[in-house]
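# Descriptive structure summary
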Amino acid sequence: MMKLKTVLFAPLACLMLSNIVVAQTPQPQKLWKDGAPGAGGSEVGDLPSLTIYQATGEAPRPAIVVLPGGGYGGLAIDHEGHAIAKWLQDLGVTAAICQYRHRGKGNQGAGYKHPYPLMDAQRAIRTLRAQAAELNIDPNRIGILGFSAGGHLASTAATHFDDGNPDASDPIDRVSCRPDFAVLCYAVIGLNKPYTHRGSQRNLLGEDAPEELVESLSNESQVTEKTPPIFLFHTSEDTGVPPQNSIHFYLACHKHKVPVEMHIFEKGRHGVGLAAGRPGAEHWPMLCHEWMISRGILPAAK
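Residues numbered from 1 in each chain as written. Predicted model: local features only at pLDDT ≥ 70, side-chain atom pairs only at ≥ 80, totals over all residues. Heavy atoms only, no water.

Under the annotation held in an unreviewed UniProt entry, the chain carries the name Acetylxylan esterase and is attributed to Rosistilla carotiformis.

### Topic: the overall build of the chain
Heads up, the condition is: Going along the chain from the N terminus, every DSSP run of H or I of four or more residues is numbered as a helix, and every run of E of two or more is numbered as a strand. We compute the radius of gyration over the C-alpha atoms and compare it with the globule rule, which gives 2.2 Å times the number of residues raised to the power 0.38. Only protein chains enter the calculation, and the probe is 1.4 Å; a residue is then buried if its accessible area is under 20% of its type maximum, exposed if over 50%, and partly exposed in between.
From N to C terminus, the chain includes 9 helices and 8 strands. The C-alpha radius of gyration of the chain comes to 21 Å, within 12% of the 19 Å expected for a compact globule of 302 residues. Seen through its C-alpha atoms, the chain measures out along the principal axes to roughly 80 × 45 × 40 Å. Within the span of the chain, comprising 302 residues, buried residues form 49% of the whole.

### Examining the pairing of strand 4 (residues 94-99)
The criterion, for reference: Strand pairing is assigned whenever DSSP identifies at least 2 bridges connecting the two strands. Classification remark: right-handed applies to a crossover when, strands pointing away from the viewer, the course from the first strand over the helix to the second runs clockwise.
The element strand 4 is extensively covered by neighbouring structure, given that 5 of its 6 residues are classed as buried. In this structure, strand 2 (residues 49-53) lies alongside strand 4, joined through 5 bridges in antiparallel fashion. The partner of L50 across the bridge, within strand 4, is C98. Bridge count between strand 3 (residues 61-67) and strand 4: 4 bridges; the pairing is parallel. By the bridge assignment for strand 4, I64 is matched with A95. In the classification by handedness, the crossover that spans strand 3, the intervening helix 2 (residues 78-91) and the parallel strand 4 is right-handed.

### Description of the pattern of salt bridges
To be explicit about the condition: Only one rule defines a salt bridge in this text: a Lys or Arg side-chain nitrogen within 4 Å of an Asp or Glu carboxyl oxygen.
All chains considered together, the criterion is met by 10 salt bridges. A salt bridge links D170 to R123, with the shortest nitrogen-to-oxygen separation between them at 3.0 Å. Taken together, the positions of D170 in the loop between helix 5 (149-159) and strand 6 (181-185) and R123 in helix 3 (residues 116-130) put the pair 47 residues apart, joining distant regions of the chain.

### Quick look at the packing of helix 3 against helix 5
Packed helix pairs are characterised by how far apart their axes lie and by the angle those axes make with each other. Let me state the cut-off plainly: Axis lines are fitted through C-alpha atoms, for helices just across the contact stretch, and the angle between N-to-C directions can take any value from 0 to 180 degrees. Angle categories are assigned with fixed cut-offs, so that under 35 degrees is roughly parallel, over 145 is roughly antiparallel, 65 to 115 is roughly perpendicular, and the rest are oblique. Crossing handedness: left-handed means the near helix sits turned counterclockwise from the far one by under a right angle, and right-handed means the same turn made clockwise. For this analysis, residues touch if any pair of their heavy atoms sits within 4.5 Å. Amino acids outside the nonpolar list (Ala, Val, Leu, Ile, Met, Phe, Trp, Tyr, Cys, Pro) and the charged list (Asp, Glu, Lys, Arg) are all regarded as polar, and Gly is one of them.
It is the contact of helix 3 with helix 5, at a shortest axis distance of 10 Å, that shows an interaxial angle of 65 degrees. Compared by their axis directions, helix 3 and helix 5 come out roughly perpendicular. Between helix 3 and helix 5 the crossing geometry is right-handed. For the pair helix 3 and helix 5, contact is made by P117, L118, A121 and I125 and by L153, T156 and A157, respectively. Within the contact of helix 3 with helix 5, the residues separate by chemical class into 6 nonpolar, 1 polar and no charged.

### A word on the nonpolar core
Counted only if it meets this: To qualify as a nonpolar core, a set must consist of buried Ala, Val, Leu, Ile, Met, Phe, Trp, Tyr and Cys residues joined through side-chain atoms within 4.5 Å.
Ranked by size, the top nonpolar core spans 43 residues in total, and within it L67, L128, I144, L184 and I230 carry the most contacts. Sequence-distant contacts of I144, that is, excluding residues within four places in its chain, are made with I64, V65, L67, A121, I125, A154, A157, P179, F181, A182 and V183.

### A look at the environment of G41
Inspection of the secondary structure assignment puts G41 in the loop between strand 1 (29-30) and strand 2. Separated by 217 residues in the primary sequence, G41 and V258 have C-alpha atoms spaced 40 Å apart. When residues no more than four places from it in sequence are discounted, the contact partners of G41 are D46 and Y112.

Laid out in structure tokens, this is it:
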């Protein structure tokens, strides 16, 4: 009887397995095909990459570079990377997770400090813009979104940018790295401040960075009228990266007449990601979606 059961049910099992659709995670692509500038090796941590979750639709889609947090010493690639990219993809946004270089990996154990993370984030924006036609992306709706230290990197990209080098041999280097908008999630922003996340600053700049360099990357002081529209969210209970980071950046944007929206929720520890099931903070994805509609980044729901 046991043999008979095996014979009868094995085809059914195969049939059931054949009907299962397994979602494939997109494969990362190198930001520089021939090796990143300043790379100290060929390990994963030496090779910044983009993992692109392409949105469907006939019309060119908006796109967002996603920067996971991790204190510039690692990357919270799942809940601040892949989960975010899937959410954006469902909204109709092509999301590109940037695995940028940081202090925790690569370079023969020494890690990567400034300017390498910024170099990688800027290259990610340029790549999407240069390849807009083949990726079905609108080159004028390319944003950047970051969490925690990734939020600091996003705020740096939003305040430190250029128009590209028209004489560059690499066509990607010929286009602008300015994001068209930025979403900063419980972001590290101020450096050498009472509310600074010291671990992120130390990993990015080391212990004895020149004061001018520290100030140039304390990004609330770098906001100008050319800074793109900004969406910020934070929580009052965040003791790792206090909400003063977002508050001071908001005030700087307001001062310079940069379009800005901020939400600070009472509840929620640091690192909540999409914050599902967390009272108050769980609404930030919906609010961000509505903000993107109000800015014309996404069309209004039918």
